[in-house]
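Residue-level listing of the chains:
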Amino acid sequence: MSDTLQELRDRALAQIKEGITPEKLEEARVAFLGKKGELTAMLKSMKDLSAEERPKFGQAVNDLRSELETAIDEAKKRMKSAMRSEQLKAEAVDVTLPAKRQAVGHRHPNSLALTEIERIFIGMGYEVVRSTEIEKDYYNFEALNIPADHPAKDEQDTFYLGGDFLLRTQTSGAQVHEMEKGRIPIKMISPGRVFRSDEVDATHSPVFHQVEGLLIDKNITFSDLKGTLAVFAKEFFGEETRVKFRPHHFPFTEPSAEMDVSCYKCGGTGCRFCKGSGWIEILGCGMVHPHVLEMSGVDPETYTGFAFGLGLERLALLKYEIEDMRLLYENDERFLTQF
Amino acid sequence: MNASMSWLKAYVPDLNVSDTEFTDAMTLSGTKVEGYERRDKNLERIVVGKILKIEAHPDAEKLVVCQVDTGDAAARFDVKNENGVVQIVTGAKNMKEGDLVPTVLAGGKVAGGHDGGPMPEEGMAIKAGKLRGVESNGMMCSIEELGSTKDFYPEQPENGLYIFAPDSGVKPGDDAAEALGLHDTVFEFEVTSNRVDCYAMTGIAREAAATFGKALTLPEETVHETEENCSDYIKVEVRDADLCTRYCGRVCTDITIAPSPVWMQRRLASCGIRPINNLVDITNYVMLEYGQPMHAFDLSTVAGNQIIVRRAADGEKFITLDGQERTLDKDVLMICDAEKEIGIAGIMGGENSMITDSVKTVLFEAATFNGPNIRKSSKRIGLRTDSSSFFEKGLDPANAEAAINRACHLVEELGCGKVTKGIVEVCAPLPAQKRIAFDPERINALLGTEISREQMLAYFKPLEIAYDEAKNELVIPSFRQDLNALCDIAEEVVRFYGYDKTPTTLPASTVSSGKRTKQMEVEDCLKEVALYAGFSEGYSYSFESPKVFDKLQLPTDARERQAVKIVNPLGEDFSIMRTLPLNGVLGSLSINYNRRNKNVRLFECGNVYLPAALPLTELPDERMMLTLGFYTDENKGKSGEAFFELKGVVEEMLARLGMRVQGASGALSFCAPAAAQDGGCCGGDAACCEARPYLHPGRQARVCFTPSGKQDKDCVCLGYIGEVHPDVCEAYEIGARTYVAVIDIPALMPFASFDRIYHPLAKFPAVTRDISMTVPKTVTHAALEEMIRQRGGKLLESVSLFDIYEGAQIKEGFKSMAYALSFRDAARTLSDEDVAAAMKKILNGLESLGAELRS
């Protein structure tokens, strides 16, 4: 390589190296490699060389051109990456600043509990059906073995709508409607709103919800009732849950029972939550009374079945540890957004 | 129903179980114990003390210093004493030397203060100390300090210490709580309405005996009668036998009124009944013991020696023995003598025949009155007594005779008088003895158990259910009105076998697929969108005040005012079944607004109740409505942005169900009320098209769906959206702009679909064109879009409004609108000519609407 080329190379590389700004780099590129640049001038000066020197010199000039081009590219890359990292550094945020939340709504605790109950029973092959909230006396009482003068009619303080019509006091009428359809086996749950003329307080509401359950088929036993509800309790309250059945009375089931679950708070040792007993009362149930079957057109000689009814609010209050039922019907956002 | 352990032990002497064992076992065998209270709660170191000496306190006029002999008790409890004598300073005055009194020794506890005020949970500790400088090592007690009251211990003086009667047989150092019958537990039972027999001590005792396998000793009923005949004293006539199936009367002579014995007083007290005198106490005692209310008349006040049982006359007045005047009616049953009424049957006796201390001859009454009649009468008269609450349950007629004999037995036992011979009674034929075929296989089949026949029979024996082997029938005792069928017998078996011991199985039933109804799925789909859009779910009451209609500014003849009324509401505010779903959400928004919660969004999914006719002749239409509501800041509200935000939520909801503005099956549209007058929409339902008075007249729209895709007569109203009228907001005390949307779920059900069909993605490029124009303000976006679509034909893929402007630069009465159009053919690349032709048609159409193109 000629001294001139060598000198040009050293000068160019030094300039590229120091060319820290993009403008300086571009200046250098134009000065050396541009159409009017030094290297081009060099090439033009080739005509003054001898024929045997020309190819050699041309080769040397072209080699130098690629060398300088590479050096410029690298310088560009270095520069870009330096700028990028500077940019990224400058853009750092305080990640502990408060989040900007997408406001998503919250489901009501009643609905959450109901969804869970439905999931469990659908898993066991139950259909979910509805029945009307305004009901005829017959379906709320008589068809459930509660005749006109039965004291149970007074126990469940009923809202009357005139004539034969009333606000249902229990979802049990859904049993009758389902049986009257005449399709057996029946495997259904029926959630819904019920009404009793209780004054509003922390544990009473004139409007609340129940979930009725009914299974009718051949050879259904009291043991099946126990087994089914034990599955429900474990699914709903947790695998560790134990159940206890106590005798009780409902006019439309016989034998009848109330089911307690072991307190999921203390595990059954007794705490403030279960009032020291270790057990929490959850639902009423029993074998469908043969007279009820008969009235609804199901042959009690062939079929047996069980029914149960649980209070949705009661389960929701227990599950979410809500101490006052009134909160469920105020719809205060600060309450709802907790679920 | 309350029962004390000591009283139960009178019938089940071998019952030696702890309070918790008793509670658990009785509950599991079907007699649920709600709770129990020990009567000696917080009583410690309570002994009998004998006051040997009373001396004045050297430094306090109102105190005295007593030397009290407590036998060996002081030494036992390590309390400072001298030969068992303890020094106690007291302010009490009613004692004298030699008196025996309940005494708490230092280090012990009493239940409460002597004033009988509320008792502290942990009791009151009594410590040794000095009172005005004089040492005192205990306290002498009143009955209040021992946790009871003078009501139950009538011998307790008005003020001061309880003093044991000289003949009470107690001596210094004895357990005073024991002597006062306080080492006892009172159990509270929840007796179910079918077990009438368990509203009696004997009934509970029978269950306890059966539960614990102990012998039951029933009360003595034998009577040593005099030679005189009862029937010579009294005649009975029942004129209204439908309300009185049995009336038994017995007469006792030579009555001496005195306090009843201590054991009877203590038992009554344990059940919360105040001892009065021997005669009254006997009737109360038998009522609790047998569950059969009784009444005692002073025979000298019974005119004509005659009892007539008959209905009262409407409006008749009668003074009951509490001195109150009661108004009767023809459905109230009365006990009368030959001249007048002397008692309201089963509820309360009359003042005119009540027992006084001078009574000589008494007529006991034990009757069986019609339960429902007593219940209703007692409600109408407004008088519910212990007696009526027993009769309400419907009593066993056989019990009346047993109870009256028991009362007479007690008259003799207590030396209260003499019992004349025989019973005077009027009795409808007693119900035949019930028999139920015994079928152990079927019982086991119902229960899923394998309990032997013998085992079952063993369970029946203590329940007095007999077995007729010859007929293989179970013979049911009359007091078990609840046993009527084999399933009832199965319950008797399983409750003594143990509910917990029966197997736990799953039904070997036909396999079925669990599912929900389509409407439930649709509701959930809508709710899900609402949740994503920031609405939280609320629940509100189904009944509300008729004032809601005024708050919502409904005209007086609005059909929504035709609401189902509750005959017996909790108050006017809860008296009608809602016909509109808005009040729940608006009420809840109001609560939130007034609690300063910001930008609250709520939804509710609940029924409205639309009667076809009033009064109801058929079930009303229960329609599930989804209601969305929110209040917003003034910027969003005033500009109308909030309206379109809500419209977006509704569009998204319906799109999920396959209902779109330009849908493959039908068209969704939002129509302003004014458009309704063009007529014909919503199945010709004019009311649906009219402006809703509770919404802003210029900011409301009906949500319409046209299955045919054309704005035509088959249009169905799915609901409405709008800004709540500012006057309505004021009525609800919401100080911010509020928006609501209501979706009528049954209305959309026929069109709701979860089906999805894939459309191939476009392969050829789209050509876009923008149109910018000025149009008269009256021309709606919908009209322009409709025109563009119609003229654009098949090639027009989409139209979207991207700018709207009114104001300066635009001439008066006009607005500037700009649309982006996109053309595409699925099969080829469009040429400029294709698009130009389509654009020409479109522009011509727009001009016909009064549009002027802007360059």
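All values derive from a computational prediction rather than experimental measurement. (Residues numbered from 1 in each chain as written. Chains lettered and ligands numbered in written order. Predicted model: local features only at pLDDT ≥ 70, side-chain atom pairs only at ≥ 80, totals over all residues.)

K.L.:
Which parts of the structure should I look at to understand the overall build of chain A?
P.N.:
On a plain count of helices and strands, chain A comes out with 13 helices and nine strands. Against the 2.2 N^0.38 benchmark of 20 Å for 339 residues, chain A shows a C-alpha radius of gyration of 42 Å, more extended than a compact globule. With the C-alpha coordinates of chain A rotated into their principal frame, the extents come out at 130 × 45 × 45 Å. Relative to its full complement of 339 residues, chain A shows a buried share of 41%. Taking contacts inside chain A between residues at least 6 apart in sequence as the whole, the part at least 24 apart equals 65%. (Helix = DSSP H or I, 4+ residues; strand = E, 2+ residues; numbered from the N terminus. Rg over C-alpha atoms; globule rule 2.2 N^0.38 Å. Buried ≥ 20, exposed ≤ 12 C-beta atoms within 10 Å, placed from the backbone. Contact = placed C-beta atoms within 7 Å.)

K.L.:
I'm lost on the domain arrangement of chain A in this one. Help?
P.N.:
How large an interface is tends to be reported as the accessible area lost when its parts come together. Once the domains are mapped, chain A shows domain 1 (2–90) and domain 2 (109–336). When each unit is reduced to the centre of its C-alpha atoms, the spacing between domain 1 of chain A and domain 2 of chain A is 89 Å. (Domains from an automatic or database assignment.)

K.L.:
How do you make sense of the environment of Arg 246 of chain A when you look at a structure like this?
P.N.:
One can find Arg 246 of chain A in strand 6 (residues 243–250). Exposure remark for Arg 246 of chain A: the 19 C-beta atoms within 10 Å place this residue in the partly exposed category. Taking the C-alpha atoms as reference points, Arg 246 of chain A and Asp 63 of chain A, separated by 183 residues in sequence, lie 99 Å from one another. When sequence neighbours within four positions are dropped, the list of residues in contact with Arg 246 of chain A reads Ala 257, Glu 258 and Asp 260 of chain A together with Thr 27, Leu 28, Lys 32 and Tyr 499 of chain B.

K.L.:
Help me understand the sheet that holds strand 2 (residues 32–38) of chain B in this model?
P.N.:
Across a sheet, paired strands are connected by hydrogen bonds in the backbone, their directions being either parallel or antiparallel. Residues and elements named next belong to chain B. On the basis of which strands lie adjacent, the open sheet formed by three strands has the order 1-11-2 and antiparallel pairing. Each edge of the sheet is formed by a strand with only one pairing partner; in this case those strands are strand 1 (2–4) and strand 2. When the angles between neighbouring strand axes are averaged without regard to direction, this sheet yields 25°. (Pairing = 2+ DSSP bridges. Axes fitted to C-alpha atoms, helices over the stretch in contact; angles between N-to-C directions.)

K.L.:
Quick question: what am I supposed to make of unusual backbone geometry here?
P.N.:
In most cases, non-glycine residues show a negative phi, while peptide bonds are predominantly trans. A cis geometry characterises the amide bond from Ile 184 of chain A onward to Pro 185 of chain A, with omega recorded as 5°. Here Pro 185 of chain A is to be found in the loop between helix 8 (173–180) and strand 4 (186–195). Omega for the bond connecting Glu 254 of chain A with Pro 255 of chain A falls within 30 degrees of zero, at -5°, which places this linkage in the cis form. With respect to the helices, strands and loops of the structure, Pro 255 of chain A is situated in strand 7 (residues 253–262). Not every positive phi belongs to a glycine, and Asn 42 of chain B is a case in point at roughly 65°. Mapped onto the secondary structure, Asn 42 of chain B falls in the loop between strand 2 and strand 3 (44–56). Taking the C-beta count within 10 Å as the criterion, Asn 42 of chain B has 19 such neighbours and is therefore assigned partly exposed. Not every positive phi belongs to a glycine, and Asn 472 of chain B is a case in point at roughly 50°. Tracing the backbone through its elements, the reader meets Asn 472 of chain B in the loop between strand 25 (466–468) and strand 26 (473–476). Judged by C-beta crowding, with 11 C-beta atoms within 10 Å, Asn 472 of chain B ranks as exposed.

K.L.:
Which parts of the structure should I look at to understand the packing of helix 23 (residues 781–792) of chain B against helix 24 (residues 832–848) of chain B?
P.N.:
For any two helices packed against each other, one specifies the inter-axial angle together with the distance between the axes. Residues and elements named next belong to chain B. Two elements in contact, helix 23 and helix 24, have axes separated by 8 Å at closest approach and are oriented at 145°. Remark: the crossing between helix 23 and helix 24 carries right-handed chirality. Listed contacts from helix 24 to Leu 784, Met 787, Ile 788, Arg 791 and Gly 792 of helix 23 are Ala 838, Lys 841, Ile 842, Gly 845 and Leu 846. Residues that form the contact of helix 23 with helix 24 fall into these classes: six nonpolar, two polar and two charged. (Left-handed = near helix turned anticlockwise from the far one by under 90°. Nonpolar A, V, L, I, M, F, W, Y, C, P; charged D, E, K, R; others polar.)

K.L.:
How should I be thinking about the interface of chain A and chain B in this particular structure?
P.N.:
Facing the 73 residues of chain A at the interface are 75 residues of chain B. The element that contributes the greatest number of residues to the side of chain A that touches chain B is helix 9 (residues 222–237) of chain A, accounting for seven residues. Considering only residue class, the side of chain A that touches chain B consists of 31 nonpolar, 22 polar and 20 charged.

K.L.:
Just to check I follow, could you spell out the nonpolar core for this structure?
P.N.:
Soluble, globular proteins show a tendency: their nonpolar side chains are buried together. All names here are of chain B. Within the largest apolar cluster, 205 residues are counted, with the highest numbers of intra-cluster contacts made by Leu 8, Val 362, Phe 364, Ile 404 and Ala 407. Among the elements that make up this core, the one with the highest residue count is helix 11 (residues 397–413) (eight residues). Discounting chain neighbours no more than four positions away, the residues touching Ala 407 are Ile 282, Thr 283, Val 286, Met 294 and Phe 364. Phe 549, Leu 646, Val 716 and Cys 729 belong to the second largest nonpolar core, which has 83 residues in total. (Core = buried A, V, L, I, M, F, W, Y, C linked by C-beta atoms within 7 Å.)

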